[in-house]
Amino acid sequence: MSKYFRARIKENRKLNKDHNLLILTPLTPIKEPEPGQFYMIGMGREEYDPLLKRPFSPLSSSPESIQILYRIRGRGTLIMSNMGEGSVLDILGPLGNAYPMPARNHIPLVIAGGIGIASLFSLSKKLSKRAYIFYGARKRNELLLMDELKNFAKELFISTNDGSVGEKCDITDILKRFLNSQSYLSDKFLLYLCGPKPMLKAILEIIKDRKINAYVSMEENMACGIGACLGCAVKTVKGYKMVCKEGPVFPIEEIVW
Amino acid sequence: MSERVTLYASDILLMNLSVTIGKLKLKNPVMTASGTFGYGEEYSDFVDLNRLGAIVVKGLSLLPREGNPPPRIVETPAGMLNSIGLQNIGVENFIREKLPFLRKFDAPIIVNFFGDTIGEYEEVARKLNDVDSIHGLEMNISCPNKEASWKIFGTDPEVTFRVVQAVRKVTDLPLIAKLSPNVTDIAQMARVAEDAGADALSLINTLTGMAVDIKTRRPKLGKFTGGLSGPAIKPIALRMVWEVYKTVRIPVIGMGGIMNANDAIEFMLVGARAIAVGTANFINPLATIDILEGIETFMRENKITDIKELIGGLKCH
């Protein structure tokens, strides 16, 4: 089973203006990822442009099918969004570490901002009905997979900045309220975070005096995905670490913001 | 079926892919470019390291280096900019922690290194010279010189001469000087390095470049500028290898945007005795082997029995 394989696009479904769901059929046997791990996906283009693979967290991955939710954000994902059924992609993975699973007495809280849900979806599924899920975005069309998340969650909290769905606030406001109302459980909470940096920093502020443990999935520009190019450095209290190999999941207190 | 296999094997046997770089004999001309192949082990899940012509490891300094603040990488059209900042584990950690793994393979190990001062270059070279199973040294002279207001060593002919000569004096290992392309006259730099005692030259290192985010008005790299690599630089690299090949007598190792066997053969035709695969490793972890097999296929299809027929085989009239 090689970590470098090809997969055929079965479907590249447009969910809305900014998001697609990519469904891939691996052409050779693959290793199944743990929640938190990622794939480097290359568009296999003859002209080497875009050149580099892009990291994506799968929603699910089995020998038959890999599902990737992605936001069309830059040139690479724009080109990817125009690739049709039958196109073949180069894939490296699964790569990186995984979210550590909660102990039996932990109460897992999953906090996703925008497309950060892509990384936390498979974890939420695995935690079936155990996790409180907090999911925020700027507007309605950035909140995806709501039916599935409702099923996986013990309770699902939703916010948008424009109030088009859920509460009109930052998801961190809801999290803060939740933690305040359950402060007697602080030492039981285990947080899993993925989202934009301002959200992550806000959460760090909220939890730092409460002694709550949190794991965060980090993002950086990446070239090789296997710890060779040293490109995806993130500053930690133990010096630079590589998101692709030593991460992407880090204990939040290790990160230097 | 079995007859076809036999024919194929004999075709291989009839082909000579070996090349020499000074006193170093490579079984084929496919090397890795420093900084793109880690310390070898990162790629050992994908590549049979025994098959490589040589492994050139990530550049080492006297002491470990932390490297530059992120973002360290940004993609550009058919290329990428990097400003890793020469992050590395330091020469002693390399010898202790990484070399034992590399020793197990049949490929020569070439260690890339650099210093902030000429004295540091000498010290690193001395430490490496005393270690078994290092087959060659490649000195990176595209780094800043602490003793000359951080001007890049390899952009000044006199400094280039002095640093190469200093290292030459402390090592009898095959010594490769890796030239910076950020100069007006690459042939002059090549001649200087040859005169200072280098056994071979490798080129090109990355070209200094920049990218800007127009919304934030900030440079896209944390350290503002970085080194451009990938297919975007191949035409420049080819031209420089050709100019250097015509100027010096020592072997030239060609690199800069080699993505496939055709690219590698282009470099050999303009004079490269060996080639190094760099950024392509990031795109395809099997790139080195794919390129090696592609060269073999090209030779078989064109009835070339010795790879030396390709080296400098460019026809200009």
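In what follows, the structure referred to is the one given above.
Residues numbered from 1 in each chain as written. Chains lettered and ligands numbered in written order. Predicted model: local features only at pLDDT ≥ 70, side-chain atom pairs only at ≥ 80, totals over all residues. Heavy atoms only, no water.

Colleague: Just to check I follow, could you spell out the pairing of strand β7 (residues 109-113) of chain B for this structure?
Modeller: In regular strands, side chains alternate between the two faces of the sheet. All names here are of chain B. Where burial is concerned, most of β7 is hidden: five out of the five residues are buried. Along β7, one buried face is formed by Ile109, Val111 and Phe113 and the opposite face, lined by Ile110 and Asn112, is buried too. Direction of pairing for strand β4 (residues 55-60) relative to β7: parallel, over a ladder of four bridges. Across the sheet, residue valine 57 finds its bridge partner in β7, namely valine 111. Of the crossover connections in this fold, the one passing from β7 over helix α3 (residues 118-129) to the parallel strand β8 (residues 136-140) is right-handed. (Buried < 20%, exposed > 50% of the residue type's maximum accessible area, 1.4 Å probe, protein only. Helix = DSSP H or I, 4+ residues; strand = E, 2+ residues; numbered from the N terminus. Pairing = 2+ DSSP bridges. Right-handed = clockwise from strand over helix to strand, strands pointing away.)

Colleague: Explain the nonpolar core here, please?
Modeller: In a soluble, globular protein the nonpolar side chains are often hidden away together inside. Formed by 158 residues in total, the largest nonpolar core has its most connected members in Leu109(A), Leu191(A) and Leu201(B). Residues in contact with Leu201(B), not counting those within four places in the same chain, are Ile176(B), Ala177(B), Leu179(B), Ala190(B), Ala193(B), Val244(B), Val248(B), Ile250(B), Pro251(B), Val252(B) and Ile253(B). (Core = buried A, V, L, I, M, F, W, Y, C linked by side-chain atoms within 4.5 Å. Contact = heavy atoms within 4.5 Å.)

Colleague: Sorry if this is basic, but what is going on with the pattern of salt bridges here?
Modeller: A side chain of one charge can pair with a side chain of the opposite charge if their charged atoms are brought near each other. Tallied over the full model, the rule gives 24 salt bridges over all chains. Between Glu142(A) and Lys139(A) there is a salt bridge, and its shortest N-O distance comes to 3.5 Å. Overall, Lys139(A) belongs to the partly exposed group, its relative accessible area being 33%. Between Glu41(B) and Lys98(B) there is a salt bridge, with the nearest N and O atoms lying 2.7 Å from each other. With a gap of 57 residues between them, Glu41(B) in the loop between β3 (30-32) and β4 and Lys98(B) in helix α2 (residues 91-103) connect regions that are remote in the sequence. A relative accessible area of 16% places Lys98(B) in the buried class. By sharing partners, the salt bridges in this structure join Arg138(A), Lys139(A) and Glu142(A) into a single network. (Salt bridge = Lys/Arg side-chain N within 4 Å of Asp/Glu carboxyl O.)

Colleague: I keep staring at the sheet that holds strand β17 (residues 252-254) of chain B and nothing clicks. Help me out?
Modeller: Pairing between the strands of a sheet comes from backbone hydrogen bonds, and it takes one of two forms, parallel or antiparallel. Residue and element names in this part refer to chain B. Ordered by their spatial adjacency, eight strands build an open sheet running β3-β18-β17-β12-β11-β8-β7-β4, and the pairing between neighbours is parallel. Both edges of this open sheet fall to β3 and β4, since each of them pairs with a single strand only. Across this sheet, the average inter-strand angle for adjacent strands is 30 degrees, counted without regard to direction. (Axes fitted to C-alpha atoms, helices over the stretch in contact; angles between N-to-C directions.)

Colleague: When you look at helix α9 (residues 287-301) of chain B in this model, what are you seeing that I'm missing?
Modeller: Each α-helix winds once per 3.6 residues, and so residues spaced three or four apart point in a common direction. Residue and element names in this part refer to chain B. Between the first and last C-alpha of α9 there are 21 Å, a value that for 15 residues agrees with the 21 Å anticipated at 1.5 Å per step. For α9, the complete set of buried residues consists of Ala287, Thr288, Ile289, Ile291, Leu292, Ile295, Glu296 and Met299. Looking one or two residues beyond α9, the residue adopting positive phi is lysine 303, at roughly 55 degrees. (Expected span 1.5 Å × (residues − 1).)

Colleague: Hey, could you run me through the environment of Pro100(B) in this one?
Modeller: Looking at where Pro100(B) falls in the secondary structure, it is placed in helix α2. Judged by its relative accessible area of 36%, Pro100(B) falls in the partly exposed class.

Colleague: Would you mind going over unusual backbone geometry with me for this structure?
Modeller: Glycine aside, residues mostly have negative phi angles, and peptide bonds mostly take the trans form. A cis amide bond links Asp49(A) to the next residue, Pro50(A), at an omega of 0 degrees. Here Pro50(A) lies in the loop between β3 (38-42) and β4 (54-56). Cis geometry is found at the peptide bond from Gly93(A) to Pro94(A), where omega equals 5 degrees. When you line up the elements, Pro94(A) lands in strand β7 (residues 88-95). Backbone geometry at Lys129(A) places phi at a positive 70 degrees, although glycine is not the residue there. One non-glycine residue, Trp150(B), lies in positive phi territory at about 60 degrees. Residue position: Trp150(B) is located in the loop between β9 (144-145) and β10 (151-152).

Colleague: Would you take a moment to explain the state of the cysteines for this structure?
Modeller: Such a bond, covalent and formed between the sulfur atoms of two cysteines, is termed a disulfide. Residues and elements named next belong to chain A. For the coordinates displayed, the defined rule picks out zero disulfides over all chains. For the unlinked cysteine cysteine 194, the closest cysteine sulfur is that of cysteine 232, found at 15 Å. With a relative accessible area of 13%, cysteine 194 lands in the buried category. (Disulfide = S-S within 2.5 Å.)

Colleague: Got a minute to help me understand a nonpolar patch on the surface in this structure?
Modeller: All names here are of chain B. Side chains of Met210, Val212, Ile214 and Phe224 sit close together on the surface and give an oily, nonpolar patch of about 450 Å² of accessible area. Assignment of secondary structure puts isoleucine 214 in the loop between β14 (212-213) and β15 (218-219). The exposure class assigned to isoleucine 214 is exposed, which follows from its relative accessible area of 75%. (Patch = residues over 30% accessible without salt bridge, like charges linked within 9 Å, V, L, I, M, F, W, Y side chains within 5 Å. Areas by Shrake-Rupley, 256 points an atom, 1.4 Å probe, with all protein chains shown as cover.)

Colleague: Explain the environment of Ile95(B) here, please?
Modeller: All names here are of chain B. If you trace the backbone, isoleucine 95 turns up in helix α2. C-alpha separation for the pair isoleucine 95 and aspartate 132, spaced 37 residues apart in sequence, amounts to 9.8 Å. In this structure, isoleucine 95 is in contact with Pro100, Lys127, Leu128 and Val131, ignoring residues within four places of it in sequence.

Keep in mind that these numbers describe shape and distance, not what the molecule does.
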